[in-house]
Amino acid sequence: MDCLFCKIIAGEIPSKKVYEDEQVYAFYDIDPQAPVHILIIPKAHIPSAAQITAENSAVVAHIFEVAAKLAAEAGLKDGFRVVTNCGDSAGQSVKHLHFHLLGGRDFTWPPG
Ligand code: AMP
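Predicted, not measured: the structure shown is a model, and the values here were computed from it.

Enquirer: Can you lay out helix α2 (residues 58–73) for me, pointing to particular residues and giving the numbers?
Expert: Each full turn of the α-helix corresponds to 3.6 residues, which orients residues three or four apart in the same direction. Compared with the 22 Å implied by 1.5 Å per residue over 16 residues, the 23 Å span of α2 between its first and last C-alpha is a close match. Packing partners of the buried residues in α2 comprise β1 (17–20), β2 (24–28), β3 (36–42), β4 (80–83) and β5 (99–103). Backbone geometry just downstream of α2 places G75 in the positive-phi region, at approximately 75°.

Enquirer: Quick one: what's the story with the site of the ligand, residue by residue and with numbers?
Expert: Contacts to the ligand come from 16 residues, most closely from D29, N85, S93, H98 and H100. Interatomic distance of 2.5 Å between a side-chain N/O atom of D29 and an oxygen atom of the ligand. Coverage of the ligand by the protein amounts to 83% of the 510 Å² it exposes when considered alone. Broken down by secondary-structure element, the contributors of at least two residues to the shell around the ligand are α1 (4–10) and β2.

Rules of the game
- Residues numbered from 1 in each chain as written.
- Predicted model: local features only at pLDDT ≥ 70, side-chain atom pairs only at ≥ 80, totals over all residues.
- Heavy atoms only, no water.
- Helix = DSSP H or I, 4+ residues; strand = E, 2+ residues; numbered from the N terminus.
- Expected span 1.5 Å × (residues − 1).
- Contact = heavy atoms within 4.5 Å.
- Near = heavy atom within 4 Å.
- Polar contact = N/O pair within 3.5 Å; in protein donor to acceptor, adjacent residues only side chain to side chain.
- Areas by Shrake-Rupley, 256 points an atom, 1.4 Å probe, with all protein chains shown as cover.

Keep in mind these numbers describe shape, not what the thing actually does.
Next up, the structure:
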């Protein structure tokens, strides 16, 4: 499958790994938008949040457990943001479900 993040999981494309277990892989974003910018992705190829179903949604709960753990380890005690872009109008550029864990600065709401 021609998927950038599947290749990162497989080690075919280098990444700066932050965390890995049997279900998920986490690594630093190559173009950080905050002092802490980590991507957390399922190892299973799910194209986006629009394809989350009763059969595959357990990994999403696990991703949020990992996000809380990584945020704590990064010292983000004042808060952090977890976001997934879904589809072209939301700016999703990689068609493999991923959650951005962002922290280390203040964020505005609503996002641009
Ligand atoms: P999105 O625009 O929500 O689909 O997010 C995709 C993210 O992947 C962007 O923040 C990119 O900077 C990031 N990205 C793209 N290629 C790589 C890469 N090889 N290693 C790490 N992050 C990447």
